[in-house]
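# Coordinates in review
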Amino acid sequence: MDLTYTEEEREFRARLRAWLGKVLPELPARPSPDDWPGRRAYDTGWQRRLYDAGYAGLHWPLDAGGRGATPTQHLIFLEETERAGAPYVGANFVGLLHAGPTIAAEGTAAQRARWLPPVLRGDEVWCQGFSEPDAGSDLAALRTRAVRDGDDYVVTGSKIWTSHAEVADWCELLVRTGPAAPKHRGITWLAMPMDAPGITVRPLRTLAGSAEFAEVFLDEVRVPVANRVGDENDGWRVTMVTLSFERGTAFVGEVVACRRTLARLARAARAGGRWDDPVLRRKLGRLYGEFGALWRLTQWNVSESQRSGGVPGTGGSVFKLAYSHARQELYDTAAEVLGADSLSLEEEWTADRLSSLSYTIAAGTSQIQRNIVAERILGLPKGR
């Protein structure tokens, strides 16, 4: 991994920084957290600005509509947009970071041409239909079934924790097409239009008070066979591609955000008279080291993804495991620095702390990540 910058990369940073300095003051006010139509319009509007400026899908391959940027340019983009306070992907999260990269890696030419340009332009939003109420952390135990009927699959079942379902146009959906096959071998990955008859969306309110997740009920929903990504009953392999993006590169922008939050927290400790506490300073110093190491791991994962054809490896599980716990510790420390007054005086800290509790569950629980690290990286025998 080469951590030095070329002249071209320094020029790229300067151009991006200048563009951000010009465009960010022109953005409209952010909508209320509860205004999901407004949030969709805001997020997709930002994505369109990125597209028009040539920054959408920066690291996607050229044949997928991206710019084919180097890993270093991708990391520079993440650093500069986060440091400038630019909008994050928001409602575009699943399309840009999960479904889009999966289709780019596994889809047919027709599927890539149909679905990738609208994602990059911000024209269409995706949601993720993986988790189910009775499956828990065992994703392969899903029961939503799809029965082939001519040129369609007829899908019946339910999903939970479906990200952005209430404003999505498409859903990356896992279904069981081979009920008699072993559970990992009877799964298929489908792209389901969210306006199809038979779909009911019920938003879920989280501990943080937001409703970016939903239950989705499917009553004989017809999905064209042409919307299948990969072969029938080969969905588990395709899913591993999706999850490698989710765990390997989807969180990289948040590491930069956490490093910025840590710096703010240190300033708050000084201003509030807590800097003289050696125990607190030790915590902040250790967190500084942890997030520095996570950023280096991020650089390695992005570089490795580029070398392997754009699909991250199992090292993403190492990152996801370490990052989830470091983020929780960061916001526990924030509560210690700010005290009880933070509940009323610093609402963003409170919301972020509550959100951090979900990270050891989202994108695969920490227990699942430990199993992956043990079995696929360390070569330990599978547990019974």
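Let us look at the structure shown here. (Residues numbered from 1 in each chain as written. Predicted model: local features only at pLDDT ≥ 70, side-chain atom pairs only at ≥ 80, totals over all residues. Heavy atoms only, no water.)

## Considering the overall build of the protein
Put simply, the test is: The helix and strand labels rest on DSSP assignments: H or I over at least four residues marks a helix, E over at least two residues marks a strand, and numbering proceeds from the N terminus. Accessibility here uses a 1.4 Å probe with only protein chains present; expressed as a share of the type maximum, an area under 20% marks a residue as buried, one over 50% as exposed, and anything in between as partly exposed. The contact rule is simple, with two residues in contact once any of their heavy atoms fall within 4.5 Å. Exposure was quantified through the Shrake-Rupley algorithm and a 1.4 Å probe, taking into account, for residues, occlusion by the shown protein chains and nothing else.
Counting its regular elements, the protein contains 12 helices and 8 strands. Taken over 384 residues, the protein has a buried fraction of 50%. Here the contacts in the protein between residues at least 6 apart in sequence split such that 73% fall between residues at least 24 apart. Surface accessibility of the protein: about 17,900 Å² in total, with carbon and sulfur atoms responsible for 53%.

## Section: the side chain of Glu-215
Among the secondary structure elements, Glu-215 is positioned in strand β7 (residues 213–224). Accessibility expressed as a relative area gives 18% for Glu-215, which makes it buried. In this structure, Glu-215 is in contact with Lys-159, Ile-160, Thr-200, Val-201, Arg-202 and Leu-204, ignoring residues within four places of it in sequence.

## Some points on unusual backbone geometry
Glycine aside, the phi torsion of most residues is negative, and most peptide linkages are trans. Even without being glycine, His-164 reaches a positive phi, approximately 60°. Looking at where His-164 falls in the secondary structure, it is placed in the loop between β3 (152–159) and β4 (170–176). Given a relative accessible area of 9%, His-164 falls into the buried group. One non-glycine residue with positive phi stands out, namely Glu-220, at about 55°. Within the secondary structure layout, Glu-220 lies in strand β7.

## Side note on the pairing of β4
Which entries qualify depends on this criterion: A pair of strands counts as paired when DSSP detects no fewer than two bridges linking them.
Within β4, 7 of the 7 residues are buried, which leaves the element mostly enclosed by the surrounding structure. With 4 bridges joining them, strand β1 (residues 126–129) and β4 adopt parallel strand pairing. Residue pairing in the sheet places Gln-128 in a bridge with Glu-172 of β4. Looking at chain direction, β4 and strand β5 (residues 187–193) are connected through 7 bridges and run antiparallel. Residue pairing in the sheet places Leu-174 in a bridge with Trp-189 of β5.

## What to know about the pattern of salt bridges
Basically, it comes down to this: What counts as a salt bridge is simple: a side-chain nitrogen of Lys or Arg found within 4 Å of a carboxyl oxygen of Asp or Glu.
Going through the model one piece at a time under the given rule, you end up with 23 salt bridges. With a shortest N-O distance of 2.7 Å, Arg-17 and Glu-80 are connected by a salt bridge. In this pair, Arg-17 is assigned in helix α1 (residues 7–23) and Glu-80 in helix α3 (residues 71–83), connecting sequence segments 63 residues apart. One salt bridge in this structure joins Glu-329 and Arg-286, with 2.5 Å as the shortest N-O distance.

## Quick notes on the packing of helix α4 (residues 93–106) against helix α5 (residues 109–121)
So the rule is basically this: Every angle, taken between N-to-C directions, lies between 0 and 180 degrees, and every axis is a line fitted to C-alpha atoms, over only the stretch in contact when it is a helix. Here the word oblique covers every angle except those under 35 degrees (roughly parallel), over 145 (roughly antiparallel) and from 65 to 115 (roughly perpendicular). Two helices cross in a left-handed way if the nearer one is turned anticlockwise from the farther one by less than a right angle. They cross in a right-handed way if the turn is clockwise. Residue polarity is assigned by list, with Asp, Glu, Lys and Arg as charged and Ala, Val, Leu, Ile, Met, Phe, Trp, Tyr, Cys and Pro as nonpolar; anything else, Gly included, falls into the polar class.
For the pair α4 and α5, the least separation of the axes is 10 Å and the interaxial angle reads 155°. The orientation of α4 with respect to α5, classified from their angle, is roughly antiparallel. The hand of the α4/α5 crossing is left-handed. Judged by residue contacts, Gly-95, Leu-96, Gly-100, Ile-103, Ala-104 and Ala-105 of α4 engage Gln-111, Arg-112, Trp-115, Leu-116, Val-119 and Leu-120 from α5. Split by residue class, the contact of α4 with α5 holds 8 nonpolar, 3 polar and 1 charged.

## Concerning α1
Where we set the bar: Each residue after the first adds 1.5 Å to the expected span of a helix. The arc refers to the directions leading from the helix axis to the C-beta atoms.
Counted at 1.5 Å a residue, the expected span for α1 with its 17 residues is 24 Å, and the 24 Å between its end C-alpha atoms agrees. Restricting attention to buried positions, one finds in α1 the residues Glu-9, Phe-12, Arg-13, Leu-16, Trp-19, Leu-20 and Val-23. For α1, the angular spread of the buried residues around the axis is 135°, confining them to a single face. Facing away from the buried side of α1, by more than 90 degrees, are the exposed residues Ala-18, Gly-21 and Lys-22. For α1, the secondary structure elements touched by its buried residues are α2 (36–53) and α3.

## Section: the packing of α2 against α5
α5 packs onto α2 with a crossing angle of 100° between their chain directions and a minimal axis gap of 7 Å. With respect to each other, α2 and α5 are oriented roughly perpendicular. Between α2 and α5, the contacting residues are Thr-44, Gln-47, Arg-48 and Tyr-51 on the first element and Val-119, Leu-120 and Arg-121 on the second. When grouped by side-chain class, the residues that make up the contact of α2 with α5 number 3 nonpolar, 2 polar and 2 charged.

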